[in-house]
Amino acid sequence: MAEDFEVEFIEREDRKARFLVRGMTPAVANGIRRAMVADVPTFSVDTVRFVENSSVMFDEMIGLRLGLVPLTTPLDDFEEGDVVTLALDVEGPATAYSGDIESSDELVQPAELNVPIIELKEGQRLQLEADAVLGSGKAHAKHQGGVAVGYRHLHRVEVVGDANEFEEQEPNILRGVIEEAAAEHAADESAEDGALVPTSEFDNDLTKRYPGKDVEVHDVPGAFVFHVETDGSFTVEELVRRAVESISDRAAELEEKVAI
Amino acid sequence: MMIPVRCFTCGNVVGEHWDEFKSRAREGDEDPAAVLDELGVERHCCRRMMVAHKDLVDVVAPYQ
């Protein structure tokens, strides 16, 4: 692609972001979404060696729960397939939390410290050693760094006339982000043409934004609003960068392979 | 038995909020919806994980 994408953030937090990309085809948008879900690797517990487990849960169930605990993944320092050893030793009466997991590498730590693994009663004990492997979402969903990753078209709402004033207006629900195109009709007085407004600002109901007006909604061509969350393994920025990188690497590889 | 670590549907980590949700909305008398909003559990798939959960460790423990 010769043209650059134009990226604009609408919401931006460490683990959650919404951003608008212009100049993109649906194929590329979906490619990036899929890369975020399946191609960006994260650490996750893969093998567990139990020393003692006298809890009420079977080894396998605890293994599953450990696998789902997100681990911080600094992708600059590790390669896919790398292994980090973790250990957990809790004696009841107590609850074993993800924060009790001790890691052999200080870069790879549980991203959430407050996830209950198993509640232990008097005399019960959980002692184990686990191997966390850096793998991608293609192999197992526990390695997915992106959570609820999706995109929508950017909507452009145009006011086409007045609604029938003797009829009660039905709610006109729209979700996503709109590009303001009729600021003079908006209920919000600070509205400006061209501004990006998340529909949650007006309860996802266009009749609240443009009271008494008939509106038409159009998709803006080539403009996509991504909603990205991560499980805590890394920041949203890292996830998106890595996803785009993985696509461009593969595209470059393909180009090289088919070159004559 | 124990609160699932992640939401079945979307994969968001919900287990971390269980202790607080339990003490405030189950044992306390706060409105569960308000507690979930405050905890940042906003999608209804994640919310049902918390609302529909029942701890069973205490029930199973005597039969160990």
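Residues numbered from 1 in each chain as written. Chains lettered and ligands numbered in written order. Predicted model: local features only at pLDDT ≥ 70, side-chain atom pairs only at ≥ 80, totals over all residues. Heavy atoms only, no water.

A. Up close: the overall build of chain A. When helices and strands are counted, chain A shows four helices and twelve strands. Relative to a compact globule of 260 residues, whose C-alpha radius of gyration would be 18 Å, chain A shows 24 Å and is clearly more extended. Each principal axis of the C-alpha atoms in chain A carries an extent, and together these give about 75 × 60 × 25 Å. For chain A, with 260 residues in total, the buried portion stands at 43%. (Helix = DSSP H or I, 4+ residues; strand = E, 2+ residues; numbered from the N terminus. Rg over C-alpha atoms; globule rule 2.2 N^0.38 Å. Buried < 20%, exposed > 50% of the residue type's maximum accessible area, 1.4 Å probe, protein only.)

B. The arrangement of the environment of P171 of chain A in detail. All names here are of chain A. The topology assignment puts P171 in the loop between strand 9 (146-162) and strand 10 (177-180). Separated by 35 residues in sequence, P171 and L206 place their C-alpha atoms 7.2 Å apart. In this structure P171 touches D205 and T207, once residues within four positions along its chain are discounted. (Contact = heavy atoms within 4.5 Å.)

C. The packing of aromatic side chains, seen in detail. Residue and element names in this part refer to chain A. For the structure on display, the rule yields six aromatic pairs over all chains. Ring geometry for F9 against F19: centres 5.5 Å apart, planes inclined by 50 degrees, an arrangement best described as tilted. Taken together, the positions of F9 in strand 1 (residues 6-12) and F19 in strand 2 (residues 16-22) put the pair ten residues apart, joining distant regions of the chain. Relative accessible area serves as the criterion here: at 6%, F19 is assigned to the buried category. (Phe/Tyr/Trp six-rings, centres within 6.5 Å; stacked < 30°, edge-to-face > 60°.)

D. Region of the structure containing the layout of surface pockets. Taken as a whole, the largest pocket holds about 650 Å³ of empty space. Along the walls of the largest pocket sit 19 residues, with R18, R152, R175 and H227 of chain A together with E42 of chain B positioned nearest its centre. Counting only elements with at least two residues in the lining of the largest pocket, the list comes to strand 2, strand 9 and strand 12 (213-230) of chain A. At four residues, the largest contribution of residues to the lining of the largest pocket is made by strand 12 of chain A. Taken together, the residues of the lining of the largest pocket sort by class into four nonpolar, seven polar and eight charged. (1 Å grid on protein atoms, 1.4 Å probe; cavity = no way out; pocket = protein on both sides within 12 Å on 5 of 7 lines; lining within 4 Å. Points joined across faces, edges and corners; volume = space filled by probe spheres on them. Nonpolar A, V, L, I, M, F, W, Y, C, P; charged D, E, K, R; others polar.)

E. How the structure looks around the sheet that holds strand 2 of chain A. Residue and element names in this part refer to chain A. If you walk across this open sheet you meet the six strands as 1-2-12-9-10-11, and the pairing is mixed. This sheet does not close on itself; its edge strands, each paired only once, are strand 1 and strand 11 (196-198). Going from strand to strand, the sheet's axes swing by 35 degrees on average, the running direction of each strand aside. With three bridges joining them, strand 10 and strand 11 adopt antiparallel strand pairing. Bridged to V177 within strand 11 is P198. Along the sheet face, helix 1 (residues 26-38) touches strand 9 and strand 12 and points at about 145 degrees away from the line of strand 9. Across the sheet, helix 4 (residues 236-258) lies against strand 1, strand 2, strand 9 and strand 12, angled at about 90 degrees from strand 12, the strand it touches most. (Pairing = 2+ DSSP bridges. Axes fitted to C-alpha atoms, helices over the stretch in contact; angles between N-to-C directions.)

F. Spotlight on helix 1 of chain A. Compared with the 18 Å implied by 1.5 Å per residue over 13 residues, the 18 Å span of helix 1 of chain A between its first and last C-alpha is a close match. On the buried face of helix 1 of chain A, the contacting elements are strand 9, strand 12 and helix 4 of chain A. (Expected span 1.5 Å × (residues − 1).)

G. The arrangement of the pairing of strand 10 of chain A in detail. All names here are of chain A. Burial of strand 10 is two-sided: the residues V177 and E179 facing one way and the residues I178 and E180 facing the other way are all buried. As defined by bridge partners, strand 9 adjoins strand 10 across three bridges and the pair is classed as parallel. Within the sheet, the bridge partner assigned to V157 lies in strand 10 and is E180.

H. Structural context of the side chain of E229 of chain A. Considering the arrangement of structural elements, one finds E229 of chain A in strand 12. One polar contact links E229 of chain A to H227 of chain A, side chain to side chain, over a distance of 3.0 Å. Side chain to side chain, E229 of chain A and R43 of chain B meet in a polar contact 2.8 Å long. Apart from residues lying up to four places away in sequence, E229 of chain A is in contact with R15, K16, G145, G146, V147, V149 and L239 of chain A together with N12 and R43 of chain B. (Polar contact = N/O pair within 3.5 Å; in protein donor to acceptor, adjacent residues only side chain to side chain.)

I. Inspection of the sheet that holds strand 3 (residues 42-53) of chain A at higher detail. All names here are of chain A. Reading across the sheet, the four strands line up as 3-8-4-6 and stay open at both edges, with antiparallel pairing between neighbours. Strands with a single pairing partner mark the edges of an open sheet, and in this sheet they are strand 3 and strand 6 (102-103). Pairing analysis gives ten bridges linking strand 3 to strand 8 (residues 125-135), with the strands arranged antiparallel. Within strand 8, the residue paired with S44 across the bridge is V133. Most of the contacts of helix 2 (residues 59-68) go to strand 3, to which it runs at about 150 degrees, and overall it touches strand 3, strand 4 (83-91) and strand 8.

J. Quick look at the domain arrangement of chain A. Residues and elements named next belong to chain A. Per the domain assignment, the segments making up chain A are domain 1 (6-39 + 147-227) and domain 2 (42-140). For domain 1 versus domain 2, the distance between C-alpha centres works out to 40 Å. On the side of domain 2, five residues touch domain 1, which itself brings four residues to the contact. Of the roughly 320 Å² buried between domain 1 and domain 2 on both sides combined, carbon and sulfur atoms contribute 33%. In this assembly, domain 1 and domain 2 are joined by two salt bridges. With a closest N to O distance of 2.4 Å, R15 and E112 form a salt bridge. The tally of links from domain 1 across to domain 2 stands at five residue pairs in polar contact (both at pLDDT 80 or more). (Domains from an automatic or database assignment. Buried area = accessible area lost by both parts, 1.4 Å probe. Salt bridge = Lys/Arg side-chain N within 4 Å of Asp/Glu carboxyl O.)

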